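Now for the letters of each chain:
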Amino acid sequence: MKNILCISLFLLCSFYAEAQTNIAIKAGFNYSTARAYFSGQKQSTDFVPGANLGLQLKTAFDGLLHFSPMITYSSRGYIIKSGNATADKTQNIIHYVDVAPLLSLDFATAKNNSLVVAFGPVAGLAIAGKEKITVSGISSTSNMKFSTSKNYGLFDLALHTSIGYHLKKMFIEVAWQHGLASINNNEENDKRNIRNRTISLNFGYVIKSYK
């Protein structure tokens, strides 16, 4: 995972330095949950709201294809319900820094306007988190601990896909982020497999264009 982050940052910087590039700031609303299993049994989950803020670069390759890497702050999380009579549940909110070396296809729809489909991997670094556990109606909140070998995972790996409509300077997009790996490092002991799922509505503005 560390290698993915380093390679993504290198690609982002190298394309920025060598090619014609648009730089956009983007922000939006996240609605996230998780695919959760306990001892092989699927758990009932619910969504939590969040937000994202980031910087995206865009460089033309050839024809429709573009390189569109981004660096983003994103808050995402989930609620896992126990399903018992006392409605016990766990709610986690995690703050990530995401690096995504995306590719995009631009389909012209009108003068200076286009329909853009983007896709690619996302490598996330967890920087903070809160865990709220409710048992028999009594809740307790604690800071989440992250590492590469225990507690919750320091890194998150996902696939990103989005579709958006771009004007000359502004754009709006809907994105889906599909977690590929469990963010629980203690799965061997506690039998919990948790993978992030996030849908986002984002708005962007091109702040600089390099010809």
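Residues numbered from 1 in each chain as written. Predicted model: local features only at pLDDT ≥ 70, side-chain atom pairs only at ≥ 80, totals over all residues. Heavy atoms only, no water.

This paragraph deals with the nonpolar core. Counting 12 residues, the largest nonpolar core consists of Ala34, Ala36, Tyr78, Ile80, Ile94, Tyr96, Ala126, Met144, Phe146, Tyr152, Ile183 and Ile194. Within the residue set of this core, elements represented by two or more residues are β1 (21–38), β6 (70–81) and β7 (89–100). Every residue in contact with tyrosine 152, bar those within four places of it in the chain, is listed here: Tyr78, Asn92, Glu131, Met144, Lys145, Phe146, Ser147, Ile183, Asn185, Arg192 and Ile194. The next biggest cluster of nonpolar side chains, apart from the first, holds 5 residues, and it includes Met70, Ala100, Val122 and Ala158. (Core = buried A, V, L, I, M, F, W, Y, C linked by side-chain atoms within 4.5 Å. Buried < 20%, exposed > 50% of the residue type's maximum accessible area, 1.4 Å probe, protein only. Helix = DSSP H or I, 4+ residues; strand = E, 2+ residues; numbered from the N terminus. Contact = heavy atoms within 4.5 Å.)

A separate point is the packing of aromatic side chains. On inspection of all chains with the given rule, the structure shows 2 aromatic pairs. Summarising the aromatic geometry, the rings of tyrosine 31 and phenylalanine 47 are spaced 4.8 Å apart at their centres and angled 15° between planes, so their arrangement reads as stacked. Taken together, the residues span a long stretch of sequence, with tyrosine 31 in strand β1 and phenylalanine 47 in the loop between β3 (44–46) and β4 (48–62) at a distance of 16 residues. Overall, phenylalanine 47 belongs to the partly exposed group, its relative accessible area being 34%. With centroids separated by 6.2 Å and ring planes inclined at 20°, the aromatic side chains of phenylalanine 61 and phenylalanine 67 adopt a geometry described as stacked. Above the ring of tyrosine 96, the side-chain terminus of arginine 76 is found at 3.9 Å from the ring centroid. (Phe/Tyr/Trp six-rings, centres within 6.5 Å; stacked < 30°, edge-to-face > 60°. Lys NZ or Arg CZ within 6 Å of the ring centre and 35° of its normal.)

This paragraph deals with empty space enclosed by the protein. Applying the stated criterion across every chain, the model contains 1 cavity of 30 Å³ or more. One number sums up the size of the largest cavity: a volume of about 180 Å³. Looking at the largest cavity, it is lined by 17 residues, and the ones nearest its centre are Asn52, Met70, His160, Gln177 and Ser200. Counting residues per element, the ones that place at least two in the lining of the largest cavity are β1, β6, β14 (170–179) and β15 (192–210). (1 Å grid on protein atoms, 1.4 Å probe; cavity = no way out; pocket = protein on both sides within 12 Å on 5 of 7 lines; lining within 4 Å. Points joined across faces, edges and corners; volume = space filled by probe spheres on them.)

This next bit is on the layout of surface pockets. Within this model, the largest pocket holds a volume of roughly 760 Å³. Listing elements by their share of the lining of the largest pocket, those giving two or more residues are β1, β4, β8 (103–110), β9 (113–135), β13 (155–166), β14 and β15. Across the lining of the largest pocket, the residue classes tally to 14 nonpolar, 16 polar and 7 charged. Taken as a whole, the second largest pocket spans an internal volume of roughly 180 Å³. Every residue lining the second largest pocket is counted, 16 residues in all, and those nearest its centre are Gln43, Ile80, Lys81, Thr90 and Arg192. When contributions to the lining of the second largest pocket are tallied by element, the ones reaching two or more residues are β1, β6, β7, β9 and β15. Looking at side-chain class alone, the lining of the second largest pocket contains 7 nonpolar, 5 polar and 4 charged residues. (Nonpolar A, V, L, I, M, F, W, Y, C, P; charged D, E, K, R; others polar.)

Bridge count for β1 against β15 is 18 bridges, and the pairing is antiparallel. When the bridges of β15 are listed, asparagine 22 appears paired with serine 209. In terms of strand pairing, β1 meets β4 through 12 bridges, oriented antiparallel. Within β4, the position partnered with threonine 21 by the bridge is threonine 59. Here 2 bridges tie β1 to strand β2 (residues 41–42), and the two strands are oriented antiparallel to one another. Bridge pairing links tyrosine 37 to lysine 42 in β2. Connecting β1 to the next strand, β2, in antiparallel fashion are 2 residues, including serine 39 with a positive phi near 50°. (Pairing = 2+ DSSP bridges.)

Attention now goes to the pattern of salt bridges. Any two side chains of opposite charge can pair if their charged atoms end up close together. Under the counting rule described, the total for this entry stands at 6 salt bridges. The partner of lysine 81 in a salt bridge is aspartate 46, and the shortest N-O contact between them spans 3.8 Å. One end of the pair, lysine 81, is in strand β6; the other, aspartate 46, is in strand β3, and 35 residues separate them in sequence. Classification of aspartate 46 by relative accessible area gives partly exposed; the value is 31%. When the shortest N-O distance is used, the salt bridge between aspartate 190 and arginine 192 registers 3.5 Å. Through salt bridges with shared partners, a single network forms among Arg76, Asp98 and Asp156. (Salt bridge = Lys/Arg side-chain N within 4 Å of Asp/Glu carboxyl O.)

This brings us to a positive patch on the surface. Among the surface-exposed residues, Lys111, Lys168, Lys169 and Lys208 lie close enough to one another that they form a single positively charged patch. Mapping lysine 111 onto the fold places it in the loop between β8 and β9. (Patch = residues over 30% accessible without salt bridge, like charges linked within 9 Å, V, L, I, M, F, W, Y side chains within 5 Å. Areas by Shrake-Rupley, 256 points an atom, 1.4 Å probe, with all protein chains shown as cover. Lys, Arg positive; Asp, Glu negative; His and termini not counted. Charge placed at Lys NZ, Arg CZ, Asp CG, Glu CD.)

From the geometry alone we can't say anything about function, so treat these as descriptive.
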